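One-letter residues, chain by chain:
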Amino acid sequence: MILVTGATGKVGSAVVKELEALKAPYRAGLRHAGSMGMDSVAFDFDDPETFGPALTGVEKLFLLTSGGTEREAPAVDAAKAAGVRHIVKLSVWGSDREDFAFGRNHRAIEKRIEASGVPYTFLRPNGFMQNYLAQAATIKSQGAFYLPARDSKYSLIDVRDVGAVAARVLTASGHEGRAYALSGPESLSNGEIARKLSAATGNPITYVDVPDDVFRQSLVEAGVPGPYADDYIDLNHYYIAGKGAAVTADVESVTGRAPRTFDEFASDFALQFKSEELP
Ligand SMILES: NC(=O)c1ccc[n+]([C@@H]2O[C@H](COP(=O)([O-])OP(=O)(O)OC[C@H]3O[C@@H](n4cnc5c(N)ncnc54)[C@H](OP(=O)(O)O)[C@@H]3O)[C@@H](O)[C@H]2O)c1
């Protein structure tokens, strides 16, 4: 049995879809079990009492949360205690270098898993193409999106490919003790992404580079906690330094299929970016 945490989110829902296609037995560990029409069990990273029942009979754990990876640590300990035989952790691109905040946070959990003695696989994806859906409101209303990314390039990945890798790692042997750096097939700047979104929608869409302090303020005004906003700016500096630009073969080596291009993503999600008002 596989327990999938984060199953209602971007990556987790892609993992579940792939496991269903593979007819692999899984259950979703959800804060609101039974709510999403999937086989599920109560699991809350903030409520350790849910860990034991959710992990009973589980051989493999897909480990993902949002808003504070340190919350994964007690779940790692519980997985070891429950006899879980493989932890597949959703980490982040470049976590092994520990030179940006999100990377250091994820690496701390990777180290805890390594120390636990439970066999593991670390999935370290670059930025998600689906993050651009968070920019859809201004893309539709103004034909523009705003990021503090200068002209940096990064090899962003479609979460559907992250899900495909995770499902294969969870259902086959030979991935234990490995870490996969998951990228898309090309490295793109936001200017290039804007042109691809324009082509997919037929609307003129531009990228506007925003100063760090202005962007940080907009995040805080939108309700993002200050420390998380700082970490997001830190991530952009990491990209501006060119550390997100490499393209790897890991998606294809695990799934046997090349990762999706940004053009494919933009075409599949064009309706969510397309404006009826813009020319
Ligand atoms: N965005 C990127 O470009 C990127 C790139 C690389 C790595 N990552 C990493 O990916 C992870 C986020 O993945 P995502 O984008 O798929 O996240 P997401 O869409 O925000 O979904 C988060 C999931 O975590 C669940 N969750 C949150 N708090 C929980 C709790 N207390 N107990 C149980 N479940 C909880 C949510 O469940 P509910 O439905 O109950 O809220 C949801 O299923 C983070 O670790 C991030 O660092 C992100």
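In the block above lies the structure referred to throughout.
Let me sum up the structure you'll find in this document. Not measured: the values here are computed from a predicted model.

So, on to the overall build of the protein. Within the protein, the regular secondary structure consists of 12 helices and 11 strands. Relative to the compact-globule value of 19 Å for 279 residues, the protein shows a C-alpha radius of gyration of 19 Å, a close match. Projecting the C-alpha coordinates of the protein onto the three principal axes gives extents of approximately 55 × 35 × 35 Å. Among the 279 residues that make up the protein, the fraction classed as buried is 41%. Expressed as a percentage of contacts within the protein between residues at least 6 apart in sequence, the contacts between residues at least 24 apart total 75%.

Spanning 13 residues, helix H6 (residues 159-171) covers 18 Å between terminal C-alpha atoms, matching the ideal 18 Å at 1.5 Å per step. Looking at H6, one finds that the buried residues are Val159, Arg160, Asp161, Val162, Gly163, Ala164, Val165, Ala166, Ala167, Val169 and Leu170.

On to the sheet that holds strand S1 (residues 2-5). The 7 strands lie next to each other as S3-S2-S1-S4-S5-S6-S9, forming an open sheet whose pairing is parallel. Each edge of the open sheet carries a strand with a single partner, namely strand S3 (40-42) and strand S9 (178-182). Sheet twist, expressed as the average angle between the axes of neighbouring strands with direction ignored, equals 20°. As paired strands, S1 and strand S2 (residues 26-30) are joined by 4 bridges and run parallel to one another. Each bridged residue has a counterpart across the sheet, and for Ile2 the counterpart in S2 is Tyr26. Taken strand by strand, helix H1 (residues 10-21) contacts S1, S2, strand S4 (60-63) and strand S5 (86-90), and its axis lies near 150° from that of S1.

What surrounds the ligand is a group of 24 residues, the closest being Gly6, Thr8, Gly9, Lys10 and Val11. Looking at the shell around the ligand element by element, the count peaks at 3 residues for H1. Of the residues assigned to the shell around the ligand, the class counts are 10 nonpolar, 10 polar and 4 charged.

Take Ala54: it is sitting in helix H2 (residues 51-55). Note: C-alpha distance between Ala54 and Gly29 (25 residues apart in sequence) is 6.8 Å. Beyond its immediate stretch of four places on either side in the chain, Ala54 contacts Leu3, Gly29, Val41, Ala42 and Phe43.

In this fold, Arg124 is placed in strand S6 (residues 120-125). Spatially, the C-alpha atoms of Arg124 and Glu276 are 37 Å apart, while their sequence positions differ by 152 residues. When near neighbours in sequence (up to four residues on either side) are disregarded, Arg124 contacts Ser91, Val92, Trp93, Ser95, Ala179, Tyr180, Ala181 and Leu182.

The buried count for S5 comes to 5 of 5 residues, which makes it a mostly enclosed element. Side chains His86, Val88 and Leu90 of S5 all project onto a buried face; the interleaved residues Ile87 and Lys89 project onto the opposite face, where all are buried too. The pairing of S4 with S5 spans 4 bridges and is classified as parallel. Residue pairing in the sheet places Leu63 in a bridge with Lys89 of S5. Following the chain from S4 across helix H3 (residues 73-81) to the adjacent parallel S5, one finds a crossover that is right-handed. In this sheet, S6 lies alongside S5 in parallel orientation, the contact comprising 4 bridges. The partner of Lys89 across the bridge, within S6, is Phe122. In the classification by handedness, the crossover that spans S5, the intervening helix H4 (residues 101-116) and the parallel S6 is right-handed.

To continue, consider the nonpolar core. Grouped together as the largest cluster of nonpolar side chains are 73 residues, with contacts concentrated most on Phe62, Val165 and Ala166. Ranked by the residues each element gives to this core, the list is headed by H6, at 8 residues. Apart from residues lying up to four places away in sequence, Ala166 is in contact with Val15, Phe62, Val88 and Leu123.

With that settled, consider the pairing of S1. The alternating pattern of S1 places Ile2 and Val4 and Leu3 and Thr5 on opposite faces, both of which are buried. Sheet topology places S1 next to S4; 3 bridges connect them, and they run parallel. Paired with Leu3 across the two strands is Leu61, which belongs to S4.

Let us now look at unusual backbone geometry. At Lys23, a residue that is not glycine, the phi angle is positive and equals roughly 55°. You can see Lys23 is positioned in the loop between H1 and S2. One non-glycine residue, Arg150, adopts positive backbone phi at about 50°. For Arg150, a count of 14 C-beta atoms within 10 Å puts it in the partly exposed group.

Conventions used here
- Here the residue numbers are simple positions, counted from 1 along each chain's written sequence.
- It should be noted that, the model being predicted, local features are given only for residues of pLDDT at least 70 and side-chain atom pairs only at 80 or more, the latter also being counted only at that level, while totals for whole chains, interfaces and linings use all residues.
- Here a strand is any run of E in DSSP of at least two residues, a helix any run of H or I of at least four, and the numbering for each starts at the N terminus.
- All radius of gyration figures rest on C-alpha atoms, and the globule criterion is 2.2 Å times the number of residues raised to 0.38.
- Partly exposed residues are those whose C-beta has more than 12 but fewer than 20 other C-beta atoms within 10 Å; 20 or more makes a residue buried and 12 or fewer makes it exposed, with C-beta atoms placed from the backbone.
- We call two residues in contact if the C-beta atoms placed from their backbones are at most 7 Å apart.
- Expected helix span is computed as 1.5 Å times (number of residues minus one).
- At least two bridges found by DSSP between two strands are what make those strands a pair.
- As a rule, the C-alpha atoms of each element are fitted with a line to give its axis, helices using only the stretch in contact, and angles between N-to-C directions run from 0 to 180 degrees.
- Each residue gets a C-beta atom placed from its backbone. If that atom is within 6 Å of a molecule or strand, the residue is near it.
- Under the scheme applied here, ten amino acids are nonpolar (Ala, Val, Leu, Ile, Met, Phe, Trp, Tyr, Cys and Pro), four are charged (Asp, Glu, Lys and Arg), and all others, including Gly, are polar.
- Here, the term right-handed applies to a crossover whose path from the first strand over the helix to the second runs clockwise when the strands point away from the viewer.
- In this description, a nonpolar core means buried residues of the types Ala, Val, Leu, Ile, Met, Phe, Trp, Tyr and Cys, linked to one another by C-beta atoms lying within 7 Å.

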